[in-house]
Amino acid sequence: MSVTEIAGLMREGILQVFLLCAPVLGGALVIGLVIAIFQATTSIQESTLTFLPKLLTILLILALLGGFMFTELSGYTMRLFSQIGKM
């Protein structure tokens, strides 16, 4: 394998990580920001208040996008396994 092919595999792997993590992390970020604004306006400074909404948001996103994530990851894995013969 050439350096270009290895760099392409690494680039595609990093892209897959971003694609699979972005919805979950983005949802948690948005909910965390909304709750932080709510805490700042009401002067409620409870540190455990953000835990349950973030957890429920992450579970909801995984339930909604889990099939898509699995399909993308299995497709990437199949492409990697199909290239083993070239290595």
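Everything below is about the structure printed above this text.
From a predicted model like this one, the values you see are computed outputs, not experimental measurements.

### A short note on the overall build of the protein chain
Consideration 1: In terms of regular secondary structure, the protein chain is built from two helices and zero strands.
Consideration 2: For a compact globule of 87 residues, the expected C-alpha radius of gyration is about 12 Å, and the protein chain comes in at 19 Å, more than 25% above that figure.
Consideration 3: The principal-axis extent of the C-alpha atoms belonging to the protein chain is close to 60 × 25 × 15 Å.
Consideration 4: A burial count over the protein chain gives 17% of its 87 residues as buried.
Consideration 5: Pairs at least 24 apart in sequence give 69% of the contacts found in the protein chain among residues at least 6 apart.
Consideration 6: Summed over all atoms, the accessible surface of the protein chain reaches about 6500 Å², with 77% contributed by carbon and sulfur.
Consideration 7: Here the protein chain contributes 4 positively and 4 negatively charged side chains, and the mean placements of these two sets differ by 5 Å.

### So, a nonpolar patch on the surface
Consideration 1: Together, Phe-51, Leu-52, Leu-55, Leu-56, Leu-59 and Leu-62 give the surface a local cluster of nonpolar side chains, amounting to about 580 Å² of exposed area.
Consideration 2: Along the chain, Leu-55 turns up in helix H2 (residues 51-82).
Consideration 3: Look at Leu-55 and you get partly exposed, because its relative accessible area is 34%.

### Quick notes on the environment of Ser-47
Consideration 1: Its location among the elements puts Ser-47 in the loop between helix H1 (3-42) and H2.
Consideration 2: Residues Ser-47 and Ala-36, spaced 11 residues apart in sequence, show a C-alpha to C-alpha distance of 9.8 Å.

What counts and what doesn't
- The residue numbers shown here count from 1 along each chain, following its written sequence.
- Confidence filtering applies because this is a predicted model: local features only for residues at pLDDT of at least 70, side-chain atom pairs given and counted only at 80 or more, and all residues used for totals across whole chains, interfaces and linings.
- Each side-chain value is derived from all of the structure's non-hydrogen atoms; neither hydrogens nor water enter the calculation.
- We count a stretch as a helix when DSSP gives it H or I for four or more residues in a row; a strand needs E for two or more, and each element gets its number in order from the N terminus.
- Atoms counted for the radius of gyration: C-alpha only. Globule rule: 2.2 Å times residue count to the power 0.38.
- Using a 1.4 Å probe on the protein chains alone, a residue whose accessible area is under 20% of its type maximum counts as buried, one over 50% counts as exposed, and one in between counts as partly exposed.
- Residues are treated as being in contact if the distance between any of their heavy atoms lies within 4.5 Å.
- For accessible areas, the Shrake-Rupley method is used with a probe of radius 1.4 Å. Any residue's cover is judged against the shown protein chains and nothing else.
- For the charge count, each Lys or Arg is scored as positive and each Asp or Glu as negative, with His and the chain ends excluded.
- To locate a charge, take NZ of a lysine, CZ of an arginine, CG of an aspartate or CD of a glutamate.
- Patch definition: residues with relative accessible area over 30% and no salt bridge; like charges joined within 9 Å; nonpolar side chains (Val, Leu, Ile, Met, Phe, Trp, Tyr) joined within 5 Å.
- The salt bridge definition used is simple: a Lys or Arg side-chain nitrogen within 4 Å of an Asp or Glu carboxyl oxygen.

Honestly, it's all geometry; don't read function into it.
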